[in-house]
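# Structural description and commentary
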Amino acid sequence: MSTGRVLAALATVLLVVLYASGSGWLVSTGDSWYRSLEAPPWQPPDAVFGLIWPYNFVVLIAAGLAVAAHGTPNIRVLWVACLAASITAALAWAWLFYEKHELPAAAIALSVAAVATAPIVFAAFRTRTWAGIVLVPYQVWVALAASLSFGYARLN
């Protein structure tokens, strides 16, 4: 396996581990501040969050490994750069929302994450169709989360 492929695979795994651990550390849905917020009417039940996030992390790694192993050099760079941008924006959202309580800024950050996710899905589809397909729910989820974040900002 070429150095570029190995680096893309390592970057993917490290970024997703950072994403999972960072969001686990920053997101606090059980605290009184969060529970006091008026939720948008389209907020899914809490159980959905517990199901979708493990799925998201697994498919990001699986699709990323497929892109690393089979993608062209340009597709691998697109994948890693956009994955890093999306994760950075998503973690910024968590920090702005839960730590700073800056709801409008948090909504903007999550919108950036949703936009940065689109090239990830594109790169996965260009590499392996199955990798793109398994990422579609992640793209939908990030877009839904951004809309929820705007809903929280508007209602609170």
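Residues numbered from 1 in each chain as written. Predicted model: local features only at pLDDT ≥ 70, side-chain atom pairs only at ≥ 80, totals over all residues. Heavy atoms only, no water.

Within this structure, the stated rule accounts for 13 aromatic pairs. Taken together, a centroid distance of 5.6 Å and an interplanar angle of 45° make the contact between tyrosine 34 and tyrosine 98 tilted. On the criterion of sequence distance, the pair formed by tyrosine 34 in helix α2 (residues 32-36) and tyrosine 98 in helix α4 (residues 73-99) is long-range, its members being 64 residues apart. Here tyrosine 34 and tyrosine 98 have matching classes, each one buried. Each member of the aromatic cluster is reached from another via a ring pair, and the members are Trp33, Tyr34, Trp93, Phe97, Tyr98 and Tyr152. (Phe/Tyr/Trp six-rings, centres within 6.5 Å; stacked < 30°, edge-to-face > 60°. Helix = DSSP H or I, 4+ residues; strand = E, 2+ residues; numbered from the N terminus. Buried < 20%, exposed > 50% of the residue type's maximum accessible area, 1.4 Å probe, protein only.)

Before going further, it helps to spend a moment on the nonpolar core. In globular proteins that are soluble, nonpolar side chains generally tend to be buried together. Formed by 42 residues in total, the largest nonpolar core has its most connected members in Tyr19, Trp79, Leu83, Trp93, Phe97 and Leu135. Of all the secondary-structure elements, those providing two or more residues to this core are α1 (3-26), α3 (46-70), α4, α5 (103-127) and α6 (129-155). When residues in this core are grouped by element, the largest group, 13 residues, is from α4. Once you skip the residues sitting within four places of it in the chain, tyrosine 19 turns out to touch Trp53, Phe57, Leu60, Ile87, Ala90, Leu91 and Tyr138. (Core = buried A, V, L, I, M, F, W, Y, C linked by side-chain atoms within 4.5 Å. Contact = heavy atoms within 4.5 Å.)

What follows deals with the packing of α4 against α6. Close contact between α4 and α6 brings their axes to 13 Å; oriented N to C, the two are set at 30°. It follows that α4 is roughly parallel to α6 by the angle criterion. The handedness of the crossing between α4 and α6 is left-handed. For the pair α4 and α6, the contacting residues are Trp79, Ser86, Trp93 and Phe97 in the first and Leu135, Tyr138, Ser149 and Tyr152 in the second. (Axes fitted to C-alpha atoms, helices over the stretch in contact; angles between N-to-C directions. Parallel < 35°, antiparallel > 145°, perpendicular 65-115°, else oblique. Left-handed = near helix turned anticlockwise from the far one by under 90°.)

Empty space among the atoms becomes visible once a probe the size of a water molecule is rolled across them. Considering only enclosed or pocket space, the largest pocket measures out at about 540 Å³ in volume. Lining the largest pocket we find 26 residues, and of these Val27, Phe49, Trp53, Trp93 and Tyr98 sit closest to its centre. Counting only elements with at least two residues in the lining of the largest pocket, the list comes to α1, α3, α4, α5 and α6. In terms of residues, the lining of the largest pocket owes the most to one element, α6, which gives 7 residues. Here the residues of the lining of the largest pocket are counted per class, giving 18 nonpolar, 7 polar and 1 charged. (1 Å grid on protein atoms, 1.4 Å probe; cavity = no way out; pocket = protein on both sides within 12 Å on 5 of 7 lines; lining within 4 Å. Points joined across faces, edges and corners; volume = space filled by probe spheres on them. Nonpolar A, V, L, I, M, F, W, Y, C, P; charged D, E, K, R; others polar.)

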